[in-house]
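A closer look at the structure
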Amino acid sequence: MIGLWLAGGFISLVGALCYTELATRYPQEGGDYIYLGRAYGKPMGFMFAWAGFWMIRPANIGAIAFIFARYAQQALPLDLNGHEFTVWSIAAIILLTLVNISGVQTGKWTQNVLTLAKVLGLLMIIAIGLFSLAPAAASPQAVDRPVQADIYLAMILVLFTYGGWSNIAYVAGEVIDPRRNILRSLVVGITLVTLIYVIVNFTFLHVLGLQGVIDSDSVASDVVRLSFGDTGAWIISLLICITCLGNINGMIFTNARVYYAMGQEHQMYSWLGHWNRKLDSPVRSLTLQAVITLGLIIFIGSDDDAFARLVVFSAPLHWFFFLMTGIALFIFRRRAGAAGEHYRVPFYPWLPLVFCLSTGLILYASLAYAWGQRHPEAWFIVVMLFLGILASRHDPVNKGNSGR
């Protein structure tokens, strides 16, 4: 289990080195959108934006909203005939969308407060688990499903948890001395995050044992409950709710800016490229983002596996574009006249090859798992991709300078 978290951190670190070269080679806002468009042509960049707009980003927001709902139901139980998770998720998204609609400063202030609470919550769990509780007795492993399928899902979820490090590429044009600072922020950030994830999971195993972790629906609350009873578990549930709200708020804040930027470049999305000067926010982008996310949540329903279904729903698309971005690095290296001074990945081509092979493996795993589950939302992916291909053929010439 700990090895999976270390593997996730290693894959993320190698990917970060690749993205540092891409971001310093093309230091513009847009990230993958720019790299894919330059490497493969405008249609690929458009499909990345389309898939993110309709599927990947709303699914990611919805997945974290379901985690929030699980812990919110523990802290403040509701009885809504089995729809509790759905109601909590919808409430979180609407509330934070309204917060961001009210202005940039309100969204930033909210993010700072929620991030501070997140850090305190993690430190509290680690301190209580490692220093206040005796380790659990060894327990037998219980695996009901094939080990291979479990490892596939585990790696999908682990890498989903690490996800977000590549977002710095979207603001590369605003970073001072990008060659130095992008590399430093990614390497230091991923190293610290990996360390935190490993320690937190070691804490869970130390306190509950492997079987206790397997049997737990809310592992962090169970760890604290052993020391402080139901009151401690309630506090941790509340802190995890705040942590999830911080993640949701950050995604709502940044993703809506991507939609706004798309509206500035594509006539098809031009109505999203509107900034409400009175409220100082991209109201249209925020509103449509919320509507799409709420639609996914309502469609998924209140099943216990709603979180995993939303992650699996977006994972194949997410890892496909990650793989194509990794391959783009090889394309740029082979082209003559590559622009300017930029960071270069060490041990080329081996580290980029490791990243591409890793993302290709996770893409296969996500496709295999999604195919095995036969969830109905897979048809939504097929339909939306087909519509995206049609839309890309009729996409008017961009109005702005996307660098493609």
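Residues numbered from 1 in each chain as written. Predicted model: local features only at pLDDT ≥ 70, side-chain atom pairs only at ≥ 80, totals over all residues. Heavy atoms only, no water.

1. Observations concerning the overall build of the chain
Across its full length, the chain holds twelve helices and zero strands. The long-range fraction of contacts in the chain, counting pairs at least 24 apart against all pairs at least 6 apart in sequence, stands at 80%. Just so you have it, the chain exposes about 18900 Å², and 67% of that area is on carbon and sulfur atoms. (Helix = DSSP H or I, 4+ residues; strand = E, 2+ residues; numbered from the N terminus. Contact = heavy atoms within 4.5 Å. Areas by Shrake-Rupley, 256 points an atom, 1.4 Å probe, with all protein chains shown as cover.)

2. Notes on the pattern of salt bridges
A full pass over the atoms with the stated rule returns four salt bridges. For Arg-25, the salt bridge identified is with Glu-21, shortest N-O distance 3.0 Å. Taken as a pair, Arg-25 and Glu-21 lie in helix H1 (residues 2-25) at a separation of four residues, close to a single helical turn. For Arg-25, a relative accessible area of 4% corresponds to the buried category. The exposure class assigned to Glu-21 is buried, which follows from its relative accessible area of 0%. (Salt bridge = Lys/Arg side-chain N within 4 Å of Asp/Glu carboxyl O. Buried < 20%, exposed > 50% of the residue type's maximum accessible area, 1.4 Å probe, protein only.)

3. Here we look at the nonpolar core
Within the largest apolar cluster, 108 residues are counted, with the highest numbers of intra-cluster contacts made by Tyr-35, Phe-68, Trp-165, Phe-204, Ile-248 and Phe-321. Looking at this core element by element, the count peaks at 20 residues for helix H3 (residues 42-75). Filtering out sequence-adjacent residues up to four positions away, Phe-68 remains in contact with Trp-88, Ala-92, Cys-241, Cys-244, Leu-245 and Ile-248. (Core = buried A, V, L, I, M, F, W, Y, C linked by side-chain atoms within 4.5 Å.)

4. Thoughts on empty space enclosed by the protein
Under the counting rule described, the total for this entry stands at one cavity of 30 Å³ or more. One number sums up the size of the largest cavity: a volume of about 50 Å³. Counting only elements with at least two residues in the lining of the largest cavity, the list comes to H1, helix H6 (147-162) and helix H10 (306-334). For the lining of the largest cavity, the element with the highest residue contribution is H10, accounting for three residues. (1 Å grid on protein atoms, 1.4 Å probe; cavity = no way out; pocket = protein on both sides within 12 Å on 5 of 7 lines; lining within 4 Å. Points joined across faces, edges and corners; volume = space filled by probe spheres on them.)

5. Focus on a nonpolar patch on the surface
A contiguous nonpolar surface patch, about 410 Å² in accessible area, is contributed by Leu-76, Met-124, Trp-234, Ile-235 and Leu-238. For the nonpolar patch, the leading source of residues is helix H8 (residues 219-265), giving three residues. Position of Ile-235 among the secondary structure elements: in helix H8. (Patch = residues over 30% accessible without salt bridge, like charges linked within 9 Å, V, L, I, M, F, W, Y side chains within 5 Å.)

6. Examining H3
Compared with the 50 Å implied by 1.5 Å per residue over 34 residues, the 48 Å span of H3 between its first and last C-alpha is a close match. Roughly 55 degrees is the biggest bend found in H3, and it falls at Gly-52. Within H3, 28 of the 34 residues are buried, which leaves the element mostly enclosed by the surrounding structure. (Expected span 1.5 Å × (residues − 1). Bend = angle between axes of the 7 residues up to and from the residue.)

7. So, H1
Spanning 24 residues, H1 covers 35 Å between terminal C-alpha atoms, matching the ideal 34 Å at 1.5 Å per step. Of all 24 residues making up H1, 17 are buried, and the element is well covered by its neighbours.

8. Details of the confidence of the model for the chain
Averaged over the chain, the pLDDT score is 80; the fraction of residues at 70 or greater is 84%. Across the chain, element-level confidence peaks in H1 with a mean pLDDT of 91 and bottoms out in H6 with 76. Low confidence marks residues 397-404, where pLDDT is under 50. Its contacts with residues over four positions away, or in another chain, come to 26 contacts. (pLDDT = per-residue confidence, 0-100.)

9. Some words on the packing of helix H2 (residues 32-40) against H3
The geometry of H2 relative to H3 is characterised by a closest axis approach of 6 Å and an angle of 150 degrees between their N-to-C directions. Overall, the two elements H2 and H3 adopt an arrangement that is roughly antiparallel. The handedness of the crossing between H2 and H3 comes out as right-handed. Of the residues in H3, those in contact with Asp-32, Tyr-33, Leu-36, Gly-37 and Tyr-40 of H2 are Lys-42, Met-44, Gly-45, Phe-46, Phe-48 and Ala-49. Split into classes, the residues belonging to the contact of H2 with H3 amount to seven nonpolar, two polar and two charged. (Axes fitted to C-alpha atoms, helices over the stretch in contact; angles between N-to-C directions. Parallel < 35°, antiparallel > 145°, perpendicular 65-115°, else oblique. Left-handed = near helix turned anticlockwise from the far one by under 90°. Nonpolar A, V, L, I, M, F, W, Y, C, P; charged D, E, K, R; others polar.)

10. Quick word on the packing of H2 against H10
At a minimum axis separation of 9 Å, H2 and H10 run at an interaxial angle of 55 degrees. In terms of orientation, H2 and H10 fall into the oblique class. Where H2 crosses over H10, the handedness of that crossing is left-handed. Together, Asp-32, Tyr-35, Leu-36, Arg-38, Ala-39 and Tyr-40 of H2 and Phe-321, Met-324, Thr-325, Ile-327, Ala-328, Ile-331 and Phe-332 of H10 make up the contact between the two elements.

11. Overview of the environment of Cys-18
Its place among the elements puts Cys-18 in helix H1. Each C-alpha atom of the pair Cys-18 and Val-345 lies 6.0 Å from the other, and the pair is 327 residues apart in sequence. Not counting residues up to four positions away in its chain, the partners in contact with Cys-18 are Leu-329, Val-345, Pro-352 and Phe-355.

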